[in-house]
Amino acid sequence: MSEGILAKVGQWFKIMRHYGGIKNTVLSLYRYDDLKTGNFIGADKYGNRYYQNTRYFVGRSRWVQYADRVGLDYDASQVPPEWHRWLQYITDDPPTTTPLKKYPWMIDHIENRTGTSQIYVPYTTVPPKIQSWQPPTPSTTTQNISSTKSQLQ
């Protein structure tokens, strides 16, 4: 019984050491709802850090800690494609060891901006087939009445 308790306390101190103290451990628990320890694999140019621990189940043994600049507003579209391949087990080699081949037509990664002020809204080049009704203004009403009177005379 005491071995189980000592092992849990030892694991807790290992986690606190990994995150850099009590404050950062609690902050990470609040931010990610999970405390994991693992080997640092690499970081991308956006500040995301990638870890792996093979003691966890497949599918949960690789994870990302998003950059501090995004705070609690993080989502999966902030992971660039080369790291997405590694996180989703498409490849076993992280981009730090075997980088993704860059072609001239490839552009830099952009996260999904839906729900922000920088949303992409396509514009149409086709005129509308149905014209919406515009209520008459007082100036157009008086012009129509005077033109009708002149036509009647």
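Located above this text is the structure these notes cover.
Computed from a predicted model, the values in this text were never measured in an experiment.

Engineer: Hey, could you run me through the nonpolar core in this one?
Structural biologist: Generally speaking, a soluble globular protein has its nonpolar side chains buried in company with each other. Judged by nonpolar contacts, Tyr32, Tyr50, Val64, Tyr66, Val70, Val79, Trp83, Trp86 and Leu87 together constitute the single largest core of nine residues. Counting residues per element, this core draws most heavily on helix H3 (residues 81-87), at three residues. Sequence-distant contacts of tyrosine 32, that is, excluding residues within four places in its chain, are made with Gln65, Tyr66 and Tyr74.

Engineer: Sorry if this is basic, but what is going on with the sheet that holds strand S1 (residues 39-43) here?
Structural biologist: Whether parallel or antiparallel, the strands of a sheet pair through hydrogen bonds between backbone atoms. Taken in spatial order, the three strands line up as S1-S2-S3 in an open sheet, and their pairing is antiparallel. The open sheet has two edge strands with one neighbour each: S1 and strand S3 (62-65). Across the sheet, the axes of successive neighbouring strands diverge by a mean angle of 30°, strand direction being ignored. Here S1 runs beside strand S2 (residues 49-52); their pairing, made up of four bridges, is antiparallel.

Engineer: I'm lost on the packing of aromatic side chains in this one. Help?
Structural biologist: The relative placement of two aromatic rings is captured by the distance of their centres and the angle of their planes. This model, assessed by the stated rule, comprises eight aromatic pairs. Centre to centre, the rings of tyrosine 50 and tryptophan 83 are 4.0 Å apart; their planes meet at 0°, and the pair counts as stacked. Taken together, the residues span a long stretch of sequence, with tyrosine 50 in strand S2 and tryptophan 83 in helix H3 at a distance of 33 residues. The pair tyrosine 50 / tryptophan 83 is uniform in exposure class, with both members buried. When the ring of tyrosine 51 is compared with that of tryptophan 63, the centres are 5.9 Å apart and the planes differ by 20°; the resulting orientation is stacked. Taken together, the positions of tyrosine 51 in strand S2 and tryptophan 63 in strand S3 put the pair twelve residues apart, joining distant regions of the chain. In this structure tryptophan 63 comes out as buried when scored by relative accessible area, which is 10%. Through pairs of rings, three or more aromatic residues link up here, namely Phe40, Tyr51, Tyr56 and Trp63. Over the face of the ring belonging to tyrosine 56 we find lysine 36, whose NZ or CZ atom lies 5.5 Å from the ring centre.

The rules behind these values
- Along each chain, residue indices are assigned from 1 in the same order as the chain's sequence is written.
- Note on the predicted model: pLDDT of at least 70 is required for a residue's local features to be given, and 80 or more for side-chain atom pairs to be given and counted; whole-chain, interface and lining totals, by contrast, use all residues.
- Side-chain figures throughout are based on the complete set of non-hydrogen atoms in the structure, without hydrogens or water.
- The definition of a nonpolar core used throughout is a set of buried Ala, Val, Leu, Ile, Met, Phe, Trp, Tyr and Cys residues joined through side-chain atoms within 4.5 Å.
- Partly exposed describes any residue whose relative accessible area lies between the buried limit of under 20% and the exposed limit of over 50%, with all areas from a 1.4 Å probe on protein chains only and scaled to the type maximum.
- For helices the rule is a DSSP run of H or I covering at least 4 residues; for strands it is a run of E covering at least 2, with both sets numbered from the N terminus onward.
- Should any heavy atoms of two residues lie within 4.5 Å, those residues are considered in contact.
- Strands are treated as partners if at least two bridges between them are detected by DSSP.
- Angles here are taken between N-to-C directions and fall from 0 to 180 degrees, while the axes themselves are lines fitted to C-alpha atoms, restricted in helices to the stretch in contact.
- In this analysis, rings of Phe, Tyr and Trp, with Trp reduced to its six-membered ring, are considered paired at centre separations within 6.5 Å, and the interplanar angle assigns stacked below 30 degrees, edge-to-face beyond 60, and tilted for intermediate values.
- Here, a charge over a ring means that NZ of Lys or CZ of Arg falls within 6 Å of the ring centre while also lying within 35 degrees of the ring normal.

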